[in-house]
Amino acid sequence: EPMFRNDTIDCLTEIGNLADLEPQYDVLFRKLFSGFLVKLGDIFTSETNLKPAFENGSEEDCTFIQRLALFLSGFLKAHLKIMETPESQQDLIKGLFYLVRVSEVPDTEIFRICLEAWHMLAHDLYNAEKNGNIGSSGILNLSLNYGSGNGNTSSRKFMYGPVLTGARRVMIANMAKPEEVLIVEDENGDIVRETTKDTDVIAQYKTMRETLVFLTHLNCDDTESIMLSKLTEQVDGTDWSWNNLNTLCWAIGSISGAMSEDEEKRFLVTVIKDLLGLCEAKKGKDNKAVVASNIMYVVGQYPRFLKAHWKFLKTVVNKLFEFMHEIHP
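Residues numbered from 1 in each chain as written. Predicted model: local features only at pLDDT ≥ 70, side-chain atom pairs only at ≥ 80, totals over all residues. Heavy atoms only, no water.

Enquirer: Sorry, what's going on with the overall build of the protein here?
Expert: Per the secondary structure count, the protein includes 15 helices and 4 strands. Taken across its 329 residues, the protein has 41% of its residues classed as buried. Put simply, 74% of the contacts in the protein that link residues at least 6 apart link residues at least 24 apart. Roughly 17300 Å² of accessible area belongs to the protein as shown, and the carbon and sulfur atoms make up 53% of that amount. (Helix = DSSP H or I, 4+ residues; strand = E, 2+ residues; numbered from the N terminus. Buried < 20%, exposed > 50% of the residue type's maximum accessible area, 1.4 Å probe, protein only. Contact = heavy atoms within 4.5 Å. Areas by Shrake-Rupley, 256 points an atom, 1.4 Å probe, with all protein chains shown as cover.)

Written out as structure tokens, the structure is:
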């Protein structure tokens, strides 16, 4: 019943967050999660875009989405491992797709709740890969042996693959502002110099950067593909805005060092070429200033690339002096 929905999910969150219990309760938590997803499916599917519901819905609807974030994030942080069984795997992946949809909602507090779960999952998978889960052939072997008689194994990394693509998209689209960025857009839509530091945003950026670095290590090509696709949308104007370009460039800067040197060089050359073309094409001093400051931010985050390309570094330094002479509010 809609009138009891928010109270019910509150109770389930309290239960779902219980961790480190005796193994005998594992089956009950699996049943709880499975039953929850069935009921949630009656309200909306894991493919539903929740943005309109959040922006245009009632206060109860918005509260429900926030409580859903708390339940999914808390449950998955507490019980991820016990859900990684053949019988529960489908529910786990569906639950994570619901978390992707909730993460897309334009609300900072909801996003921060979801971010905790994404950080935990990415960190866990990265550690599993780093700690020697490489077979004798050199091929990654991130498999779980569920102890069944036929030796049934399932690669965690590939099991989570489609969900991690969703997580990468969410991280890149919502990347928080790094501490060293001083130029911001004020409430009137003007470009101004920031006067005070938002410590919450700085902390959020650090967690997001870590999460995206882990996700990039797990599948570098996927991260690169998403970023270049979003950059194309900026260049051709289909998704152009100061905010969209800023978050994309902050995300690009955040993964410095997560690629091999050759991959990084190829990726950066494409990014810088597109950004320089965008700077030339954009009309208006403010538009050019936003693009130029993003170019400077991105190249400044990749010292390994700059050290290897002195001519380019010299050009960047000269451009930097040019920008410093420009007068802005």
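Enquirer: Teacher, can you tell me more about helix α11 (residues 242-254) here?
Expert: In an α-helix there are 3.6 residues to a turn, and that puts residues three or four apart on one side. Taking 1.5 Å as the rise per residue, α11 with 13 residues should run 18 Å; its terminal C-alpha atoms sit 18 Å apart, in good agreement. Of the residues making up α11, those classed as buried are Trp-242, Leu-245, Asn-246, Thr-247, Leu-248, Cys-249, Trp-250, Ala-251, Ile-252, Gly-253 and Ser-254. (Expected span 1.5 Å × (residues − 1).)

Enquirer: I'm lost on the packing of aromatic side chains in this one. Help?
Expert: The description of an aromatic ring pair uses the distance of the two centres, along with the angle that the planes make with each other. Under the defined criterion, the tally for this structure stands at 8 aromatic pairs. Relative to Phe-71, the ring of Phe-33 has its centre 6.2 Å away and its plane inclined at 20°; by these criteria the two rings are stacked. One end of the pair, Phe-33, is in helix α2 (residues 26-43); the other, Phe-71, is in helix α4 (residues 59-83), with 38 residues separating them in the sequence. Across the pair, exposure class does not vary: Phe-33 and Phe-71 are buried alike. Against the face of Phe-64 rests Arg-5, its NZ or CZ located 5.4 Å from the ring centre. The ring of Trp-240 is capped by Lys-282, whose NZ or CZ atom sits 4.1 Å from the centre of that ring. (Phe/Tyr/Trp six-rings, centres within 6.5 Å; stacked < 30°, edge-to-face > 60°. Lys NZ or Arg CZ within 6 Å of the ring centre and 35° of its normal.)

Enquirer: Is there a simple way to think about helix α5 (residues 89-103) in this case?
Expert: For α5, with 15 residues, the first-to-last C-alpha span of 21 Å sits near the 21 Å given by 1.5 Å per residue. For α5, the buried fraction is high: 11 of the 15 residues fall into the buried class. Along α5, the positions that sit buried rather than exposed are Asp-91, Leu-92, Ile-93, Gly-95, Leu-96, Tyr-98, Leu-99, Val-100, Arg-101, Val-102 and Ser-103. Of the surrounding elements, those touching the buried residues of α5 are α2, α4, α6 (108-130), α7 (156-159) and α8 (161-173).

Enquirer: Please explain the packing of α2 against α4 as it appears in this structure.
Expert: The geometry of a pair of packed helices is captured by two quantities: the angle between their axes and the separation between those axes. Between α2 and α4, the least distance of the axes is 11 Å, while the angle of their chain directions is 145°. Viewed along their axes, α2 and α4 form a crossing whose handedness is left-handed. For the pair α2 and α4, contact is made by Asp-26, Phe-29, Arg-30, Leu-32, Phe-33, Phe-36, Leu-40 and Ile-43 and by Phe-64, Leu-68, Phe-71, Leu-72, Phe-75, Leu-76, His-79, Ile-82 and Met-83, respectively. (Axes fitted to C-alpha atoms, helices over the stretch in contact; angles between N-to-C directions. Left-handed = near helix turned anticlockwise from the far one by under 90°.)

Enquirer: I keep staring at the environment of Leu-164 and nothing clicks. Help me out?
Expert: Its location among the elements puts Leu-164 in helix α8. In this structure Leu-164 comes out as buried when scored by relative accessible area, which is 2%. Leu-164 sits 46 residues away from Trp-118 along the chain, and the two C-alpha atoms are 8.8 Å apart. Beyond its immediate stretch of four places on either side in the chain, Leu-164 contacts Leu-121, Leu-125, Leu-215 and Leu-218.

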